[in-house]
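Each chain is listed here by its residues.
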Amino acid sequence: MSVAFFFIAAIGAIAAAVGVVALRNPFYSVLALAAHLVFLAGLFLLLRAEFLAFAQVVVYAGAVMVLYVFVVSYVGGGEQLPSGGALKVLGPLFALALAIELFIATLGSALKGVKGKGAPYVSGFGTPDHIGSLFLTKYLFPFEAASILLLVAAVGAVVLARRRRGLEHDAELERVIDTVRPAYTGTMAEAADAGPAAREQPEVEPVGPRGHEGGW
Amino acid sequence: MAIGWYLAVSAIIFCIGAGGVLARRNPLVVLLCLELMLNGANLALVAFARMWGGEDGQIFALIVMVVAACEVTVGLGLIVAIYRRQLPVDVDELSELHG
């Protein structure tokens, strides 16, 4: 049973990975990567990494993929660039050479454990209980470093993606600041009785039943 | 299943990702292929954790996921910034740092 499950998950993961690389439209690549992550979570489950599989599906296939989908739909990734000239041939060749080397390194190694099915199963292996207690005792420093790293990345992404020059030109700035608006609609310029809007704009008669004298 | 099978799958996924990083030109797809490579490495880490019977490899895989999330946010921010400045969204055209 676990053999069949392994082959379903492994073939699915590899096929989806091929799809990520081969599909022309970036949007379909993102969807293929989401499928790949779900299949990979199945492999993690077979390896008794329950919490990791859960985090993979929720964080990766959920949150990160949503981010990707947003950016693809914002940038409009449907341009379908043709692949580069020399690298289109050299890239797969390099990947093939790397695969052969990795196969030799892993399967041809003298590690006895590679041929076996792994250590005997201990109850609770890979559960949130164990992972959480490890994170708060033995691996507390990496845990905190990861949180700082996430904070830095979030701030960095905001700094990178913000509008560089703020509002584009003076004309646009004036359009925002000096918009003609009825009096007593609650601007700070009215409160301070100053500012370009209050000084330069002709007085606009207030609307509604309340006159000048009855203002707040 | 023997641990070697998992390592083989992780090697294949890693190589597909590496080939994609080299062959594709859209920076979005390059980021996706980087994710593939990180996932291949993650699978190897978890397989070794299972082989050894310790959970340290799974912790390492979780930290790799955190780093991957950071890389994604910064990378996507860069792509949005490139798009905002109306530069071509193409890694071959963005060669001003080429020297």
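Whatever comes next refers back to the structure up there.
Residues numbered from 1 in each chain as written. Chains lettered and ligands numbered in written order. Predicted model: local features only at pLDDT ≥ 70, side-chain atom pairs only at ≥ 80, totals over all residues.

> Would you mind showing me how to read the overall build of chain B here?
In terms of helices and strands, chain B carries 3 helices and 0 strands. On C-alpha atoms alone, chain B measures out to a radius of gyration of 17 Å, which is more than a quarter above the 13 Å that the 2.2 N^0.38 rule sets for 99 residues. Projecting the C-alpha coordinates of chain B onto the three principal axes gives extents of approximately 50 × 25 × 25 Å. Once local pairs closer than 6 in sequence are excluded, the contacts in chain B between residues at least 24 apart make up 48%. (Helix = DSSP H or I, 4+ residues; strand = E, 2+ residues; numbered from the N terminus. Rg over C-alpha atoms; globule rule 2.2 N^0.38 Å. Contact = placed C-beta atoms within 7 Å.)

> What is the right way to read the overall build of chain A from this model?
Per the secondary structure count, chain A includes 9 helices and 0 strands. Look at the contacts in chain A between residues 6 or more apart in sequence, and 48% of them connect residues 24 or more apart.

> Can you help me understand the interface of chain B and chain A in this one?
It is common to report an interface's size as the accessible area lost on association of the parts. The interface of chain B with chain A comprises 62 residues on the first partner and 72 residues on the second. Mapped by element, the contributors of at least two residues to the side of chain B that touches chain A are α1 (3-23), α2 (27-52) and α3 (56-84) of chain B. Split into classes, the residues belonging to the side of chain B that touches chain A amount to 45 nonpolar, 10 polar and 7 charged. (Nonpolar A, V, L, I, M, F, W, Y, C, P; charged D, E, K, R; others polar.)

> I tried to follow α3(B) on my own but got confused; where do I start?
Three or four residues apart is the spacing at which side chains of an α-helix point the same way, because the helix has 3.6 residues per turn. In a regular helix each residue adds 1.5 Å, so 29 residues correspond to 42 Å; α3(B) covers 42 Å between its end C-alpha atoms and thus fits that length. A positive backbone phi angle near 60° is found at B:Gln86, which sits one or two residues after α3(B). (Expected span 1.5 Å × (residues − 1).)

> Can you walk me through helix α6 (residues 140-161) of chain A in this structure?
Look at α6(A): 32 Å from first C-alpha to last across 22 residues, which is about the 32 Å you get at 1.5 Å a residue. Turning to α6(A), its buried residues number three or more, namely A:Ala153, A:Ala157 and A:Ala161. Summarising the axial view, the buried residues of α6(A) lie within an arc of 30°, below the 170-degree limit, and thus occupy one face. In α6(A), the exposed positions that point more than 90 degrees away from the buried face belong to A:Leu140, A:Phe141, A:Glu144, A:Ser147, A:Ile148, A:Leu151, A:Val155, A:Val158 and A:Val159. Where α6(A) is buried, its residues touch α3 of chain B. (Buried ≥ 20, exposed ≤ 12 C-beta atoms within 10 Å, placed from the backbone. Arc of directions from axis to C-beta.)

> Where do I start with the packing of helix α1 (residues 2-22) of chain A against α2(B) in this structure?
At their nearest, the axes of α1(A) and α2(B) sit 9 Å apart, and the two run at 155° to each other. Looking at the two axes, α1(A) sits roughly antiparallel to α2(B). Once α1(A) is placed against α2(B), the crossing between them reads as left-handed. Residues A:Ala17, A:Val20 and A:Val21 of α1(A) touch α2(B), and the partners they reach there are B:Leu32, B:Cys33 and B:Leu36. Residues belonging to the contact of α1(A) with α2(B) are distributed by class as follows: 6 nonpolar, no polar and no charged. (Axes fitted to C-alpha atoms, helices over the stretch in contact; angles between N-to-C directions. Parallel < 35°, antiparallel > 145°, perpendicular 65-115°, else oblique. Left-handed = near helix turned anticlockwise from the far one by under 90°.)

> Would you mind showing me how to read the nonpolar core here?
One recurring pattern in soluble globular proteins: nonpolar side chains tend to sit buried together. Core analysis: the largest hydrophobic core is formed by 74 residues, its most contacted members being A:Ala13, A:Leu43, B:Val46 and B:Ala47. Mapped by element, the contributors of at least two residues to this core are α1, α2 (26-46) and α3 (50-75) of chain A together with α1, α2 and α3 of chain B. When residues in this core are grouped by element, the largest group, 15 residues, is from α2(B). Among all residues touching B:Val46, those that are not within four sequence positions of it are A:Phe44, A:Leu47, A:Ala49, A:Leu52, B:Gly57, B:Gln58 and B:Ala61. (Core = buried A, V, L, I, M, F, W, Y, C linked by C-beta atoms within 7 Å.)

> What is the right way to read the environment of A:Val114 from this model?
Looking at the secondary structure, you find A:Val114 in the loop between α4 (85-107) and α5 (128-136). Spatially, the C-alpha atoms of A:Val114 and A:Pro26 are 37 Å apart, while their sequence positions differ by 88 residues. Among all residues touching A:Val114, those that are not within four sequence positions of it are A:Thr106, A:Ser109, B:Ile3, B:Gly4 and B:Leu7.

> I keep staring at unusual backbone geometry and nothing clicks. Help me out?
The general pattern is negative phi for most residues beyond glycine and trans for most peptide bonds. A positive phi angle, near 65°, is found at A:Arg48, a position not held by glycine. Summarising the element assignment, A:Arg48 is placed in the loop between α2 and α3.

> Looking at this model, I keep getting lost on the packing of α2(A) against α3(A). Mind explaining?
Residue and element names in this part refer to chain A. The contact between α2 and α3 brings their axes to 8 Å, and the two run at 175°. What the angle tells us is that α2 and α3 run roughly antiparallel. In contact with Pro-26, Phe-27, Val-30, Leu-33, Ala-34, Leu-37, Val-38, Leu-40, Ala-41, Phe-44 and Leu-45 of α2, α3 contributes Glu-50, Leu-52, Ala-53, Gln-56, Val-57, Tyr-60, Ala-61, Met-65, Tyr-68, Val-69 and Val-72. For the contact of α2 with α3, the per-class residue count stands at 20 nonpolar, 1 polar and 1 charged.

> Honestly, the environment of A:Phe143 in this entry has me stumped. Any pointers?
Residue and element names in this part refer to chain A. Mapped onto the elements of the fold, Phe-143 is located in helix α6. Given 18 C-beta atoms within 10 Å, Phe-143 falls into the partly exposed group. Along the primary structure Phe-143 and Val-21 are separated by 122 residues, whereas in three dimensions their C-alpha atoms are 33 Å apart.

> Looking at this model, I keep getting lost on the environment of A:Gly116. Mind explaining?
For A:Gly116, the location among the structural elements is in the loop between α4 and α5. Each C-alpha atom, one on A:Gly116 and one on A:Lys138, is 28 Å from the other, the two residues being 22 residues apart in sequence. Each residue touching A:Gly116, except ones within four places of it in the same chain, is listed here: B:Ala2 and B:Ile3.

Such coordinate-based values are descriptive only and should not be taken to indicate function.
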